[in-house]
Amino acid sequence: MTSQTWFITGASRGIGLELARAALAAGHRVAATSRRHADIVAALGTHEGLLALDLDVTDSSQIAAAVAATQARFGGIDVLVNNAGYGYLGLFEESTEDDVRAQFETNVFGLFAVTRAVLPVMRAQRRGHVFNVSSVGGISGAASGSLYCSTKFAVEGFSISLADEVKGFGIHVTIVGPGYIRTDFLDARSVRFATTSVDDYAALSAELRGFFEDRSHQQAGDPVRLAEAFLQLAAEKAPPLRFSAGSDALEILDTRLASLKQERDAYADLSRSVDGSWA
Ligand SMILES: NC(=O)c1ccc[n+]([C@@H]2O[C@H](COP(=O)([O-])OP(=O)(O)OC[C@H]3O[C@@H](n4cnc5c(N)ncnc54)[C@H](OP(=O)(O)O)[C@@H]3O)[C@@H](O)[C@H]2O)c1
């Protein structure tokens, strides 16, 4: 496998950390970024191929500095992994405008900003691969996912469109949609729940919170195996536009595809009844 330069956001814990570890072990150069680069060094130690950098994806000056430092050290960026993110898993009416904005700042606008900073490097090289970490919540939704899933749907629409814009420069885009992966995602250090309450939702809200708390650190999906899948996808000549990670992710995708098809067919005549003709 040719050695590549990886730039990974949210590499202090979970999927990003395991990916940084695996990429280094495979002989790649890795710019591993997180809000506190010391967390990365504590987890991975120092390594000739490792550049640990402070990067809060909501901070544009840190983004520019991290990309510049990576170019200075490694001379380019072959693979960008937009992985940093968290789940706000409260119900919509129990969320605040600040909750909404914070969720989008990290999961969507942060991802946009990092991509915007890295694409000129990849265009100049006439090659690159952007991985955008979405979720099963990027193709489906359920109670408690109104904010989180809408950010991941945004990531999916962005990625599909971007792929078409940059393919002429030899840049691939791959959406990675994991199911439940055993990380800190559902841990109090990462997940956010509603801080306001609405009586009508009290029972549902408590049930869902209990559901997620019971599953924290119990998830079946293995971040080490997911990291290996990233490495394999990054080595492919024609990588997929979307990759589902985990059997649960495949099942959720199948259910969603079947339901889209069933409703599409059930209402096809009404859909066509809207047709006029182009002016
Ligand atoms: N685990 C799952 O079941 C699952 C399923 C589907 C999708 N995902 C997605 O996978 C990605 C990684 O999540 P994970 O499961 O590895 O969760 P995690 O263990 O909680 O790790 C999240 C990582 O994102 C970082 N992060 C959060 N906000 C950030 C910000 N503003 N700037 C920079 N870094 C930030 C965290 O850094 P700090 O240490 O500084 O907080 C941490 O490194 C997320 O996009 C998540 O939505 C996870």
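Check the entry above for the structure.
Here's what I pulled together on the structure shown here.

Analysis parameters
Residues numbered from 1 in each chain as written. Predicted model: local features only at pLDDT ≥ 70, side-chain atom pairs only at ≥ 80, totals over all residues. Heavy atoms only, no water. 1 Å grid on protein atoms, 1.4 Å probe; cavity = no way out; pocket = protein on both sides within 12 Å on 5 of 7 lines; lining within 4 Å. Points joined across faces, edges and corners; volume = space filled by probe spheres on them. Helix = DSSP H or I, 4+ residues; strand = E, 2+ residues; numbered from the N terminus. Nonpolar A, V, L, I, M, F, W, Y, C, P; charged D, E, K, R; others polar. Near = heavy atom within 4 Å. Polar contact = N/O pair within 3.5 Å; in protein donor to acceptor, adjacent residues only side chain to side chain. Areas by Shrake-Rupley, 256 points an atom, 1.4 Å probe, with all protein chains shown as cover. Pairing = 2+ DSSP bridges. Axes fitted to C-alpha atoms, helices over the stretch in contact; angles between N-to-C directions. Contact = heavy atoms within 4.5 Å.

Attention now moves to empty space enclosed by the protein. Space left empty within the atom packing is revealed by a probe, the size of a water molecule, rolled over the atoms. Counting across every chain of the model gives 1 cavity of 30 Å³ or more. Taken as a whole, the largest cavity encloses approximately 40 Å³ of empty space. For the largest cavity, the full set of lining residues is Thr9, Val57, Asn82, Asn83, Ala84, Thr106, Gly110, Leu111 and Val114. Per-element accounting of the lining of the largest cavity gives the leading share, 4 residues, to helix H4 (residues 97-125). Residue classes in the lining of the largest cavity are distributed as 4 nonpolar, 5 polar and no charged.

What follows concerns the site of the ligand. Around the ligand lies a shell of 28 residues, among which Ser12, Arg35, Tyr148, Thr183 and Ser190 are the nearest. Contact distances for the ligand include 2.8 Å between an oxygen atom and a backbone N or O atom of Ile15. Between the ligand and Ile181 there is a distance of 2.8 Å, counted from an oxygen atom to a backbone nitrogen or oxygen. Against a free-state accessible area of 880 Å², the protein chains account for coverage of 98% of the ligand. Secondary structure elements with two or more residues in the shell around the ligand: helix H1 (14-25) and helix H5 (146-166). Grouping the constituent residues of the shell around the ligand by class yields 11 nonpolar, 11 polar and 6 charged.

This part covers the sheet that holds strand E5 (residues 128-133). Spatially, E3-E2-E1-E4-E5-E6-E7 is the arrangement adopted by the 7 strands of the open sheet, whose pairing is parallel. Strand pairing shows two members of the sheet lacking a second neighbour, strand E3 (50-54) and strand E7 (242-245), which therefore form its edges. Taking each pair of neighbouring strands and ignoring which way they run, the sheet shows an average axis angle of 15°. When strand E2 (residues 29-34) meets E3, the two strands line up parallel, connected through 5 bridges. Within the sheet, the bridge partner assigned to Val30 lies in E3 and is Leu50. Lying on the sheet, helix H2 (residues 37-44) is in contact with E2 and E3; it crosses E3 at an angle near 150°. Across the sheet, helix H7 (residues 223-234) is in contact with strand E1 (5-8), strand E4 (79-82), E5, strand E6 (171-178) and E7; its angle to E5 comes to roughly 150°.

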